[in-house]
Amino acid sequence: MIDTEILGWRAALVGELDHRRLKAPSVKLRSAQGAADGEAIYCVDLRVRHPNADHYLTSTELHSVEHFLLEGFMRLLPAHFVSVGIMGCQTGFYLVFRNEGRAGRLCDTLEQILAAIEHAREVPYANIEQCGNYRNHSLADAQRVAREILARRADWLDAA
């Protein structure tokens, strides 16, 4: 059993929560799974918009921010980053890490990625060779969403 509080996550906010209680933007631990070989997998929710509040991320916002998250976590946490996925409800992202579940480290890394978006000149991997829908990107949209998330940095771990 992984002690998630030692990693900086509030136990009451770990796991699935009533979506009516969720705050956004927020970062919360969805699951932590240890294996017999000592490996651990952590799934983190990056919630950008409030669920069921009729203010969702557009497909372009999701797609462009996803590319930045993918590039940033691969670059900054290469030994630990596994995957990023968009939430089908269009309110955020799932982030998956191997052997790195510390809230502080993950939030600090996320902050670096989001801050770098402001100075970016293009969306990473937004080309025909690396993206299956390369025309569906907007640097301006990604920058706006990044600013929105960063503006609430102090509250990220207060997910509900």
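The structure presented is a predicted model; accordingly, all values stated were derived computationally and were not measured. (Residues numbered from 1 in each chain as written. Predicted model: local features only at pLDDT ≥ 70, side-chain atom pairs only at ≥ 80, totals over all residues. Heavy atoms only, no water.)

Colleague: Looking at this structure, I do not really get the overall build of the chain. What am I missing?
Modeller: For the chain, the helix and strand inventory stands at three helices and four strands. Reading the secondary structure of the chain in the N-to-C direction produces β-β-α-β-β-α-α. Here the chain has a C-alpha radius of gyration of 15 Å; the compact-globule value for 160 residues is 15 Å, and the two agree. Here the C-alpha coordinates of the chain stretch approximately 45 × 35 × 25 Å along the principal axes. The burial tally for the chain puts 44% of its 160 residues in the buried class. Sequence separation of at least 24 residues holds for 66% of the intrachain contacts in the chain that already meet a minimum separation of 6. Charged side chains in the chain number 18 positive and 21 negative. The centres of these two groups are separated by 3 Å. (Helix = DSSP H or I, 4+ residues; strand = E, 2+ residues; numbered from the N terminus. Rg over C-alpha atoms; globule rule 2.2 N^0.38 Å. Buried < 20%, exposed > 50% of the residue type's maximum accessible area, 1.4 Å probe, protein only. Contact = heavy atoms within 4.5 Å. Lys, Arg positive; Asp, Glu negative; His and termini not counted. Charge placed at Lys NZ, Arg CZ, Asp CG, Glu CD.)

Colleague: Got a minute to help me understand the pattern of salt bridges in this structure?
Modeller: Opposite charge on two side chains lets them pair, provided their charged atoms get close. Overall, the coordinates contain 17 salt bridges when judged by the stated rule. We note a salt bridge from arginine 105 to glutamate 100, for which the minimum N-O separation is 2.9 Å. The shortest N-O distance in the salt bridge between glutamate 111 and arginine 153 comes to 3.2 Å. Of this pair, glutamate 111 sits in helix H2 (residues 103-117) while arginine 153 is found in the segment after helix H3 (139-150), placing the two residues 42 residues apart along the sequence. (Salt bridge = Lys/Arg side-chain N within 4 Å of Asp/Glu carboxyl O.)

Colleague: I tried to follow the packing of aromatic side chains on my own but got confused; where do I start?
Modeller: Any aromatic ring pair is given by two values, namely how distant the centres are and how the planes are angled relative to each other. Overall, the coordinates contain three aromatic pairs when judged by the stated rule. With 5.6 Å between their ring centres and 15 degrees between their planes, phenylalanine 73 and phenylalanine 81 make a pair best called stacked. Its relative accessible area of 10% is what places phenylalanine 81 among the buried residues. Pairwise contacts between aromatic rings join Phe73, Phe81 and Phe97 into one cluster. (Phe/Tyr/Trp six-rings, centres within 6.5 Å; stacked < 30°, edge-to-face > 60°.)

Colleague: Explain the side chain of glutamate 61 here, please?
Modeller: Topologically, glutamate 61 is positioned in helix H1 (residues 59-76). Glutamate 61 gets classed as buried once you look at its relative accessible area, which sits at 5%. A polar side-chain atom of glutamate 61 sits 2.8 Å from a polar atom in the side chain of arginine 144. The contacts of glutamate 61, once residues within four sequence positions are left out, are Arg49, Tyr56, Asp141, Arg144 and Val145. (Polar contact = N/O pair within 3.5 Å; in protein donor to acceptor, adjacent residues only side chain to side chain.)

Colleague: What is the right way to read the pairing of strand S1 (residues 26-34) from this model?
Modeller: The side chains of a regular strand alternate between both faces of the sheet. Pairing of S1 with strand S2 (residues 40-47), which is carried by eight bridges, proceeds in the antiparallel orientation. Residue pairing across strands places serine 31 opposite cysteine 43, the latter belonging to S2. (Pairing = 2+ DSSP bridges.)

Colleague: How do you make sense of the packing of H1 against H3 when you look at a structure like this?
Modeller: The relative placement of two packed helices is expressed as an angle between their axes plus a distance between the axes. Running from N to C, H1 and H3 cross one another at 80 degrees; their axes reach a closest spacing of 8 Å. As far as their axial angle goes, H3 and H1 are roughly perpendicular. Counting all contacts with H1, which are made through Thr60, Glu61, Ser64, Val65 and Phe68, the residues of H3 involved are Leu139, Asp141, Ala142, Arg144 and Val145. (Axes fitted to C-alpha atoms, helices over the stretch in contact; angles between N-to-C directions. Parallel < 35°, antiparallel > 145°, perpendicular 65-115°, else oblique.)

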